[in-house]
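Observations on chain architecture
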Amino acid sequence: MTASQSEPTALLHEVSAAVGAITRHLSVHQVLEVIVSSARRLVGADYAAIGIPDDAGGFAEFITDGIGEEQRLKIGPLPRQHGMLAAILTETEPIRLDDLRHDPRHQWWPKAHPTMAALLGVPILEGDRTLGIVVLTNDLGGPGFTEADTELIELIASHAAIALTNARLYERSRELTVVEERNRLARELHDAVMQRLFSLRLSTRAAAKLVAIDPDEAARRLEEVETLAADAIAELRGVIVELRPADLDTHGLVETLRRHVALLDRLHDTDVAIEVRSPIDLTRDGEVEVLRLVQEALGNAFRHARARHVQVTVEAERITVVDDGAGFEADEAATRGLGLLSMRERALALGGNLLVETAPGAGTTVTLELDRE
């Protein structure tokens, strides 16, 4: 049945490509799609499906290949854990049948379901736990599956178990990263915006008391109120920008940076520009670290440096953020609350290095040097 049995080298390449594709994807849904399409292609089956069971007698995911979208919609909702699917879930060994309709474990199909005969069902196992099932079938009259087909799908299933486990761990780590970012933003909101609002309240009270006895001083205090209110609005804008989800999976790092810079340029009086000189090739985790580091550097330029111009330059070996703001004593960076510690930690996680060049009144240049070896 296997399409390439007479060509061992070609078959080896097919399996290698399938396994490589599975291990490259970190989204659970993407892993499932790669598994089901790879399995169907490797054994030349008419139909393929992969199911991930839930705890309510159904399937959390059930992805098919070989059945058109229109027919799938006609078939109806996701199947339940019954009949042959239940048998594959409970068995620890593959099930291979020339005609599943003659097996007592087969029950029924929905009306729009294609008629199938030959079946190969392989559980995806992690130790004693069944993570899911791979099901391959052929039309009525189609050839049956062979022992070689079974071994191939078992190999795919073993790699699928590892990939699914890694993908779930990755998604959990992303959730934890989101929580950490929200906590950081909450601290930043409290430290920066709340301080300004407190000062705003005090200045307003002082102005109200001075109106009758010293109108000039009251007017000066009201000017302070206006300045503090503008600063608070700018702080809030910065926090809102960082809370906006950055869709790295859809746009990639460079385009996400472009969009982020364009948004900042619209929201603030400061001129913000980006120049991309060469593309960057990083892992998904690496892209997240770079994005957060650049966001931190841009946030510093707005909140602390009060820069009028900020330039982001992207190259394969380095990323720089240059502002013409107030600058600061480099030796005092650790005590100024500028987020440099977290930026250095992100650079270290990337295997890179962070350089900060600054001086009072001379602006600041933050350079992330990436390890390209």
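Up top is the structure these notes are about.
Let me sum up the structure you'll find in this document.

The rules behind the values
- Residues numbered from 1 in each chain as written.
- Predicted model: local features only at pLDDT ≥ 70, side-chain atom pairs only at ≥ 80, totals over all residues.
- Heavy atoms only, no water.
- Helix = DSSP H or I, 4+ residues; strand = E, 2+ residues; numbered from the N terminus.
- Contact = heavy atoms within 4.5 Å.
- Areas by Shrake-Rupley, 256 points an atom, 1.4 Å probe, with all protein chains shown as cover.
- Core = buried A, V, L, I, M, F, W, Y, C linked by side-chain atoms within 4.5 Å.
- Buried < 20%, exposed > 50% of the residue type's maximum accessible area, 1.4 Å probe, protein only.
- Pairing = 2+ DSSP bridges.
- Axes fitted to C-alpha atoms, helices over the stretch in contact; angles between N-to-C directions.
- Phe/Tyr/Trp six-rings, centres within 6.5 Å; stacked < 30°, edge-to-face > 60°.
- Patch = residues over 30% accessible without salt bridge, like charges linked within 9 Å, V, L, I, M, F, W, Y side chains within 5 Å.
- Salt bridge = Lys/Arg side-chain N within 4 Å of Asp/Glu carboxyl O.
- Lys, Arg positive; Asp, Glu negative; His and termini not counted.
- Charge placed at Lys NZ, Arg CZ, Asp CG, Glu CD.
- Arc of directions from axis to C-beta.
- Polar contact = N/O pair within 3.5 Å; in protein donor to acceptor, adjacent residues only side chain to side chain.

A count of helices and strands for the protein gives nine helices and 10 strands. Across the protein, every contact between residues at least 6 apart in sequence was considered, and the portion connecting residues at least 24 apart equals 61%. Working note: accessible area of the protein is about 20100 Å², and carbon and sulfur atoms make up 52% of it.

So, on to the nonpolar core. Core analysis: the largest hydrophobic core is formed by 30 residues, its most contacted members being Val290 and Leu298. For this core, the secondary structure elements donating two or more residues are helix H7 (248-267), helix H8 (284-303), strand S7 (309-314), strand S8 (318-323), helix H9 (340-349) and strand S10 (364-369). If one sorts the elements of this core by residue count, H8 sits on top with eight residues. With residues up to four places along the chain from it excluded, the contact list for Val290 reads Leu253, Leu282, Ile319, Leu350 and Leu368. Ala45, Leu131, Ile156 and Ala160 belong to the second largest nonpolar core, which has 27 residues in total.

Another point: the sheet that holds S10. Spatially, the five strands line up as an open sheet ordered S6-S7-S8-S10-S9, and their pairing is mixed. With partners counted over all chains shown, the strands left at the sheet margins are strand S6 (271-276) and strand S9 (353-358), one partner each. Pairwise comparison of adjacent strand axes, ignoring direction, gives a mean angle of 10° for this sheet. One ladder, built from six bridges, connects S8 with S10; its direction is antiparallel. If you follow Arg318 over to S10, its bridge partner there is Glu369. Sheet strands touched by H8: S6, S7, S8, S9 and S10. Its angle to S8, the strand with the most contacts, is close to 10°.

So, on to the side chain of Thr137. Following the sequence through the fold, Thr137 ends up in strand S5 (residues 129-139). Those residues within four positions of Thr137 in sequence are excluded, and the remaining contacts are Ala45, Asp46, Tyr47, Leu100, Met116, Ala118, Leu119 and Phe145.

With that settled, consider the packing of aromatic side chains. With the rule as written, the count across this model stands at one aromatic pair. Judged by centre distance (5.3 Å) and plane angle (65°), the ring pair of Phe59 and Phe62 falls under edge-to-face. Here Phe59 and Phe62 have matching classes, each one buried.

Glancing now at a negative patch on the surface. A surface patch of like charges, here negative, comprises Glu91, Glu93, Glu151 and Glu154. Position of Glu154 relative to the elements: it lies in helix H5 (residues 147-210).

Every buried residue of H9 is accounted for by Leu340, Met343, Arg346 and Ala347. Looking straight down H9, one finds that the buried residues subtend no more than 120° of arc, so they occupy a single side. The outward face of H9, more than 90 degrees from its buried face, is lined by the exposed residues Leu341, Leu348 and Ala349.

Inspection of every chain in the model, using the stated rule, returns 15 salt bridges. The partner of Glu255 in a salt bridge is Arg258, and the shortest N-O contact between them spans 3.9 Å. A residue pair is termed a helical-turn pair when its members lie 3 or 4 positions apart in one helix, as Glu255 and Arg258 do in helix H7 at three residues. Glu255 gets classed as partly exposed once you look at its relative accessible area, which sits at 30%. Its relative accessible area of 36% is what places Arg258 among the partly exposed residues. In the salt-bridge network here, residues are joined through shared partners; they are Glu217, Arg220, Arg221 and Glu224.

This part is about helix H4 (residues 83-90). Counted residue by residue, H4 has six buried out of eight residues, so it is predominantly covered. Where the residues of H4 are buried, they touch strand S1 (47-53), strand S2 (59-65), strand S3 (95-97), strand S4 (116-126) and S5.

On to the environment of Thr146, then. Mapped onto the elements of the fold, Thr146 is located in the loop between S5 and H5. In terms of polar contacts, Thr146 uses its side chain to reach the backbone amide nitrogen of Ala148, at 3.3 Å.

Before going further, it helps to examine the environment of Glu126. Position of Glu126 among the secondary structure elements: in strand S4. A relative accessible area of 33% means that Glu126 is categorised as partly exposed. With 38 residues separating them along the chain, Glu126 and Leu164 place their C-alpha atoms 9.8 Å apart. Those residues in contact with Glu126, other than ones at most four positions away along the chain, are Leu131 and Thr165.

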